[in-house]
Amino acid sequence: MRSYYYDTPEKIVSVEDLKAINILYFPMNMEGYVEQLNNICETRGYKNRDEVKLNKDTPNLEDKLKIFFEEHLHDDEEIRFILDGCGFFDVRDGNDQWIRIRVEKGDLIIVPANMYHRFALDENRYVHAMRLFTDAPKWVPINRNKVAAN
Ligand SMILES: [Fe+2]
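Residues numbered from 1 in each chain as written. Predicted model: local features only at pLDDT ≥ 70, side-chain atom pairs only at ≥ 80, totals over all residues. Heavy atoms only, no water.

As annotated in an unreviewed UniProt entry, the protein chain is Acireductone dioxygenase from Cavenderia fasciculata. Under Sequence similarities (unreviewed entry), UniProt gives the following word-for-word description of the protein chain: "Belongs to the acireductone dioxygenase (ARD) family." Of the comments in the UniProt record for the protein chain, the one headed Pathway (unreviewed entry) reads "Amino-acid biosynthesis; L-methionine biosynthesis via salvage pathway; L-methionine from S-methyl-5-thio-alpha-D-ribose 1-phosphate: step 5/6." (UniProt positions renumbered as here; feature names shortened; annotations may be inferred.)

Put into structure tokens, the structure is as follows:
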């Protein structure tokens, strides 16, 4: 995991800085993460999980990526454990500046509820991630700046 300001990449954001805006990061031991993962799930109340893969063979990948890159939030945490490949979570800091968080194999990240964010892949276009949920799997984005007409 590596995080920095999107507009000024030389400005590094530490794990502690992320924690200060309620983003949690767990480095996972990929040699045997089951117990570690189960502990996190038990402590934080994650009852469900599934796995998603995005790669160049994913139908309509670029359209999907456009949707993921729309700034949005959720009314629940977004928890992603990267099993392979890599991706970027962009999140807003307290001053509405984008922080880019590069996640790769072995990174588990928790974006809190109601925090604006977006997701992107790098040019390799590959990620395999586990999604964890407190309830039944769902992914309902609430896009920013999309106020209903009239
Ligand atoms: Fe999201």
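(A) Up close: the coordination of the iron ion. Bound to the iron ion are the protein donor atoms H72 (NE2), H74 (NE2), E78 (OE) and H117 (NE2), situated 2.0 to 2.2 Å from the metal. Considering all 4 donor atoms around the iron ion, the spread of angles at the metal, 81 to 175°, places the coordination shape in the irregular class. In terms of primary sequence, the donors binding the iron ion are separated according to H-x1-H-x3-E-x38-H. Here H117 lies in strand β9 (residues 117-120) and E78 lies in strand β6 (residues 78-92), a separation of 39 residues in the sequence. For H117, a relative accessible area of 1% corresponds to the buried category. (Donors = N, O, S within 2.8 Å, 3.2 Å for Na, K, Ca; no water. Tetrahedral: all angles 85-135°; square planar, octahedral: opposite > 155°, others 65-115°. Helix = DSSP H or I, 4+ residues; strand = E, 2+ residues; numbered from the N terminus. Buried < 20%, exposed > 50% of the residue type's maximum accessible area, 1.4 Å probe, protein only.)

(B) The arrangement of the UniProt feature "binding site: Ni(2+)" (unreviewed entry) in the protein chain in detail. Residues given the UniProt feature "binding site: Ni(2+)" (unreviewed entry) here are H72, H74, E78 and H117. For the residues just named, distributed over 46 residues, the greatest C-alpha separation is only 11.3 Å, placing them together at one site. A polar contact is formed between the side chain of H117 and the side chain of H74, at a distance of 3.2 Å. (Polar contact = N/O pair within 3.5 Å; in protein donor to acceptor, adjacent residues only side chain to side chain.)

(C) Highlighting the environment of S3. Along the chain, S3 falls in strand β1 (residues 2-5). Using a relative accessible area of 2% as the deciding quantity, one classes S3 as buried. For the pair S3 and R144, spaced 141 residues apart in sequence, the C-alpha separation works out to 23 Å. Not counting residues up to four positions away in its chain, the partners in contact with S3 are I12, V13, L18, I99, R100 and I101. There is a polar contact of 2.7 Å between the side chain of S3 and the backbone oxygen of V13. (Contact = heavy atoms within 4.5 Å.)

(D) Molecular detail of the packing of aromatic side chains. Counted under the stated rule, the structure contains 3 aromatic pairs. For the ring pair F68 and F119, a centre distance of 6.5 Å and an interplane angle of 70° mean the geometry is edge-to-face. Taken together, the residues span a long stretch of sequence, with F68 in helix α3 (residues 61-68) and F119 in strand β9 at a distance of 51 residues. An aromatic cluster of three or more residues is present, and its members are F68, F89 and F119. Against the face of Y6 rests R118, its NZ or CZ located 4.9 Å from the ring centre. Over the face of the ring belonging to Y116 we find R144, whose NZ or CZ atom lies 4.5 Å from the ring centre. (Phe/Tyr/Trp six-rings, centres within 6.5 Å; stacked < 30°, edge-to-face > 60°. Lys NZ or Arg CZ within 6 Å of the ring centre and 35° of its normal.)

(E) Structural view of the side chain of H74. Its location among the elements puts H74 in the loop between β5 (72-73) and β6. Relative accessible area serves as the criterion here: at 7%, H74 is assigned to the buried category. Side chain to side chain, H74 and H72 meet in a polar contact 3.1 Å long. Here E78 takes part through its side chain, which lies 2.6 Å from a polar atom of the side chain of H74.

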